[in-house]
Amino acid sequence: MTSKPKTLNPDIYKQTRLPLLEADTMPTECYTSREFYNLETKKIFHKIWNFVGRADLVPEIGDYYAFDFTDVPILIVRGDDNQIRAFANSCRHRGAKIASGEGNCNAFSCPYHGWTYSLEGHLKAATYMDRTKGFNKENYGLVQLRLDQWGGFLFLCFDNNAESLETFLGDLPQLMQPYDLDRLTCTRRQEYSLKCNWKIYIENAMESYHVPWVHNKTLQKQKRDHNPPILPINGEYSGLLTRHKGSRALLPGMEGFPYIPTLTGDSAEGTYYILINPSTMLGCTFDTVWWLELHPEGPEQTKLIVGSCFHETTTGHDNFDHIVQNYYKRLDISIVEDNEISELQQAGLRSPFAQPGRYSYMEPLVHVIDNWVLDRVLGD
C-alpha cells in the first residue's frame with residue numbers, strides 16, 4: 001500500500017489555517033520542496049484556468065507563440081479562420097516540438113521527420129507513412145487544449161472536466177467592466193527569470209507591508225491607503241481597492257495620459273489590485289492596466305512576465321511613444337526591486353534553520369493566498 005506524501009499531512013499546516021492574526025506563515029518546505037511543488041502542479045495548475053497573456057500576442061492569421069507552462073510545451077496560434085487555439089506542442093509521430101519562440105507561418109512542419117500540420121492542427125502531410133497499415137491522417141492531428149478569452153486576455157486549461165472560464169471568473173468581469181478591457185492594447189511585454197518560488201512573488205505583489213523598505217525611494221513616495229479592506233468576491237480571485245489621487249502607474253512628478261474614459265464608481269476613485277488565482281496580478285488604475293504573470297518552473301525558479309496595456313483612446317495620443325516611457329520607467333524600477341527582494345527571501349528560506357513566522361494585519365491577502373493553495377493541495 002502506497003503511503004501519502006509527507007506534505008499531504010494536514011497537521012503540518014494547522015498553524016497556517018488559523019485566523020490571520022493567530023496564524024503562522026506557511027512552512028518553509030512549501031517554498032523549497034520538490035514534493036510540494038509537484039503537488040501544486042498536479043492539483044492546481046493542471047486543474048484550473050491559467051492566465052497566459054493577451055490575444056494580441058497573435059494578432060494576425062498565422063501568428064504563433066510557443067512556450068512551456070509547468071514543463072508542458074504549448075503552442076498558441078491564430079488560424080486561417082481567425083480563431084485562436086492552443087495545442088500541445090508535440091508532434092503526433094514521435095513527440096518532438098514542432099515550433100519554438102514566436103513568428104508567423106502558413107503551416108507547422110516538425111523539424112524531426114517533416115510531419116506537417118495546418119494552423120487548425122490538422123495533419124496535412126506525413127511522408128513515408130503510406131505503407132503503415134491502418135494509418136489515417138485524420139486521427140493524428142495536434143492535441144487541442146482548452147483556451148478561452150475574457151476582455152482580450154487568454155486563459156489555458158489542461159483539464160477537460162474543469163468548470164468554464166465564465167464560472168471560474170465569477171463576478172470579476174462585472175467588477176472590471178469600467179476598464180473597457182477589450183479595447184486595450186498590450187504595448188510592452190517584459191520577461192524575467194527569477195530564482196524564487198512562484199508563491200513568494202505573488203504574495204509580495206498582493207501586500208504593501210514591504211513598500212517602505214523595498215520601495216523606499218520609489219513607490220513609498222505615493223500617498224495611499226495603508227490597509228484597505230479585502231474585496232467581497234464571487235469567483236476565483238481576490239483583491240484590494242486602494243483609494244488615492246493620481247495614477248499608481250507613475251512615480252510622483254511624471255507626466256501621464258488622460259484617464260480611461262469609461263471609468264465609473266470605485267474605478268474612478270483609486271486602483272484595483274486583483275489576484276486571479278493562482279498566480280496573476282492585475283493592476284488597474286486610472287490610465288492603464290498592467291499585469292504580473294507567473295509561470296512556475298520549479299520549486300525555486302519562476303518566469304515573470306510583465307505586460308503594459310493602454311486604452312485605444314490613449315495609444316492614439318500624438319505623443320504616446322514619448323509619454324509611455326514614464327510608465328515603463330516606473331515598472332522597470334519597481335519590478336527590479338521586487339525581483340531582488342523575492343530572490344533574497346528565497347535564499348533565506350533555503351536555510352535549514354528557517355522557520356515559519358507570523359502574519360501582520362498588513363498581510364491579509366498573503367494569508368488568503370496561502371490557505372487557497374493549501375485547500376487545493378490537501379483536498380482531493
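Residues numbered from 1 in each chain as written. Predicted model: local features only at pLDDT ≥ 70, side-chain atom pairs only at ≥ 80, totals over all residues. Heavy atoms only, no water.

Draft legend 1. A look at the overall build of the protein. Per the secondary structure count, the protein includes 9 helices and 16 strands. For a compact globule of 380 residues, the expected C-alpha radius of gyration is about 21 Å, and the protein comes in at 22 Å, within 12% of that figure. For the protein, the C-alpha atoms occupy an extent of roughly 70 × 65 × 35 Å along the three principal directions. Residue burial in the protein is summarised as follows: out of 380 residues, 54% are buried. Taking the contacts inside the protein whose residues are at least 6 apart along the sequence as the reference set, 70% of them involve residues at least 24 apart. For the protein, the accessible area works out to roughly 17,900 Å², and carbon and sulfur atoms hold 48% of it. (Helix = DSSP H or I, 4+ residues; strand = E, 2+ residues; numbered from the N terminus. Rg over C-alpha atoms; globule rule 2.2 N^0.38 Å. Buried < 20%, exposed > 50% of the residue type's maximum accessible area, 1.4 Å probe, protein only. Contact = heavy atoms within 4.5 Å. Areas by Shrake-Rupley, 256 points an atom, 1.4 Å probe, with all protein chains shown as cover.)

Draft legend 2. Local environment of the packing of aromatic side chains. Scanning all chains against the criterion turns up 22 aromatic pairs. A centroid spacing of 4.8 Å and a plane angle of 20 degrees characterise the contact between Y65 and F67, whose relative ring orientation is stacked. Here the two residues Y65 and F67 agree in accessibility, since each one is buried. Through successive ring pairs, a cluster of aromatic residues spans F51, W150, F153, F155 and W291. It is R54 that lies over the ring of F153; its NZ or CZ is 4.7 Å from the centre. (Phe/Tyr/Trp six-rings, centres within 6.5 Å; stacked < 30°, edge-to-face > 60°. Lys NZ or Arg CZ within 6 Å of the ring centre and 35° of its normal.)

Draft legend 3. A look at the side chain of T16. Position of T16 relative to the elements: it lies in the segment before α1 (29-32). In this structure T16 touches A23, D24, T25, M26, P27, Y359, H367, D370, N371 and L374, once residues within four positions along its chain are discounted.

Draft legend 4. Geometry of the side chain of E203. Mapped onto the secondary structure, E203 falls in helix α5 (residues 198-205). We note that E203 is buried and unpaired, the nearest opposite charge coming from K199 at a distance of 6.6 Å. (Lys, Arg positive; Asp, Glu negative; His and termini not counted. Salt bridge = Lys/Arg side-chain N within 4 Å of Asp/Glu carboxyl O.)

Draft legend 5. Expanded view of the packing of helix α2 (residues 34-45) against helix α9 (residues 364-378). For the pair α2 and α9, interaxial distance at closest approach is 9 Å and the crossing angle is 80 degrees. When the axis of α2 is compared with that of α9, the two are roughly perpendicular. Counted together, F36, L39, E40, K43 and I44 of α2 and W372, V373, L374, R376, V377 and L378 of α9 form the full contact between these two elements. For the contact of α2 with α9, the residue count by class is 8 nonpolar, no polar and 3 charged. (Axes fitted to C-alpha atoms, helices over the stretch in contact; angles between N-to-C directions. Parallel < 35°, antiparallel > 145°, perpendicular 65-115°, else oblique. Nonpolar A, V, L, I, M, F, W, Y, C, P; charged D, E, K, R; others polar.)

Draft legend 6. Up close: the pairing of strand β3 (residues 72-78). Burial within β3 is extensive, with 5 of its 7 residues counted as buried. Taking the residues between adjacent antiparallel strands as the criterion, strand β2 (residues 63-69) and β3 are bridged by 2 residues, where T70 takes a positive phi near 45 degrees. In textbook terms, the turn of a hairpin is the stretch between consecutive antiparallel strands, and for β3 and strand β4 (residues 84-88) this stretch comprises 5 residues, one of which, N82, has a positive phi near 70 degrees. (Pairing = 2+ DSSP bridges.)

Draft legend 7. Highlighting the sheet that holds strand β14 (residues 280-284). The 6 strands lie next to each other as β11-β16-β15-β14-β13-β12, forming an open sheet whose pairing is antiparallel. This sheet does not close on itself; its edge strands, each paired only once, are β11 (184-194) and β12 (237-243). Going from strand to strand, the sheet's axes swing by 15 degrees on average, the running direction of each strand aside. For β12 and strand β13 (residues 270-276), the ladder comprises 7 bridges, and the chain directions are antiparallel. Its bridge partner lying in β13, G239 is registered against I274. Set on the sheet, α5 makes contact with β11, β13, β14, β15 (289-298) and β16 (301-311); between it and β15 the angle comes to about 160 degrees.

Draft legend 8. Focus on the sheet that holds strand β5 (residues 102-104). If you walk across this open sheet you meet the 7 strands as β1-β10-β9-β4-β3-β2-β5, and the pairing is antiparallel. Strand pairing shows two members of the sheet lacking a second neighbour, β1 (49-54) and β5, which therefore form its edges. Sheet twist, expressed as the average angle between the axes of neighbouring strands with direction ignored, equals 30 degrees. Looking at chain direction, strand β9 (residues 144-150) and strand β10 (residues 153-157) are connected through 5 bridges and run antiparallel. Of the residues in β10, the one forming a bridge with L147 is L156.

Draft legend 9. Spotlight on unusual backbone geometry. Of note, the amide linkage connecting N277 to P278 takes the cis form, showing an omega dihedral of 0 degrees. The topology assignment puts P278 in the loop between β13 and β14. You will see that N82, though not glycine, has its phi angle at about 70 degrees, which is positive. Within the secondary structure, N82 sits in the loop between β3 and β4. For N82, a relative accessible area of 40% corresponds to the partly exposed category. Even without a glycine there, the phi angle at Y128 is positive, about 65 degrees. Note that Y128 resides in the loop between β8 (123-125) and β9. Y128 sits in the exposed class, given a relative accessible area of 76%.

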